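Secondary and tertiary structure notes
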Amino acid sequence: RQVALLLHRMETLQWFSPALCGVIELQVMEVLPDLYPAEWIVLLRYFGSTGYHHAALFRAAASWGLGRMHELHLHHLEALLTTLSHFGHVDDQLATKAVSLLESLPPDTNAAKLVRIAVALAASGVQAPRLYKNAWMHAESMDDIASSGLSHEALLLLITQATISNFKQLWKLLRGINVQLINKTVPPAVVPSMVHQLHRASLHREVVLMDGRPLAVELAKLAAQQVAHLPLM
């Protein structure tokens, strides 16, 4: 627990040290069985914020989260799922349990946190359109969505996975995206859905043809990369 306390103080000071993560990597694994949920989250947040891929810790966290999910507060769940998603450790079991829990949250759930969790799951390729739609609807306006602190690229992913046909909001997102980040945000499996959404939007609003062209070009590149990796028959 002294390790968790140390990392909490370092986090408070905004001092994120990969070197420190390397030094305590083994020690962290030894103290996991004795940690409270809040201490688990401190470890995950610190390693995640530092960008240090502690694979053993993240695998253990996925297993721990699967067994303790109903005991976690929303901000704990947010830290767990966003960190594990970033490093590719959201497995099917964890995703299924998280979606089941999140779909039953009350209407007064914090919209920004729910949106961040939904984006993390969407980025992991989790198919949960009902959850994504609920997350989007929880936020009453684009100002609420913006308060999540997420990029337009991430929000575009969410609205695509939610199968929401709100062309006005889609157009606003298109005008703010950085297409150079699309390949880091959009899972390959989502590319066809995003292309289809752009096509539908362009049929309703011609302006999407112009504002959506850079995104369409980038999605075409992603698709071409995937085709290039397909095995030859």
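Described in the following lines is the structure provided in the data block. What you are looking at is a predicted structure, and each value in this text was computed from that prediction instead of being measured.

1. Observations regarding the side chain of Q161
Here Q161 is to be found in helix α10 (residues 152-161). Judged by its relative accessible area of 7%, Q161 falls in the buried class. Excluding its chain neighbours within four sequence positions, the residues that come into contact with Q161 are A122, V126, Q127, P129, Y132 and V190.

2. With respect to the pattern of salt bridges
Applying the stated criterion across every chain, the model contains six salt bridges. A salt bridge links R45 to E11; the nearest nitrogen and oxygen atoms lie 2.7 Å apart. Residue R45 is located in helix α3 (residues 37-50), and its partner E11 is located in helix α1 (residues 2-12); the two are separated by 34 residues in the primary sequence. By relative accessible area, R45 is classed as partly exposed at 29%. Among the residues examined, E11 registers a relative accessible area of 13% and is labelled buried. As a salt-bridge pair, R130 and E103 come within 3.8 Å of each other at their nearest N and O atoms. Linking R130 in helix α8 (residues 129-138) with E103 in the loop between α6 (92-102) and α7 (111-123), this pair joins segments that are 27 residues apart in sequence. Exposure remark for E103: the relative accessible area of 23% places this residue in the partly exposed category. Members of the salt-bridge network, linked through shared partners, are E78, K113 and R116.

3. Regarding the environment of E71
Checked against the element boundaries, E71 lands in the loop between α4 (55-68) and α5 (74-86). Considered as a pair, E71 and L156 are 85 residues apart in the sequence and their alpha carbons are 31 Å apart. At 2.8 Å, the side chain of E71 and the side chain of R68 are in polar contact.

Reading the values: rules and limits
- Residues numbered from 1 in each chain as written.
- Predicted model: local features only at pLDDT ≥ 70, side-chain atom pairs only at ≥ 80, totals over all residues.
- Heavy atoms only, no water.
- Helix = DSSP H or I, 4+ residues; strand = E, 2+ residues; numbered from the N terminus.
- Buried < 20%, exposed > 50% of the residue type's maximum accessible area, 1.4 Å probe, protein only.
- Contact = heavy atoms within 4.5 Å.
- Salt bridge = Lys/Arg side-chain N within 4 Å of Asp/Glu carboxyl O.
- Polar contact = N/O pair within 3.5 Å; in protein donor to acceptor, adjacent residues only side chain to side chain.

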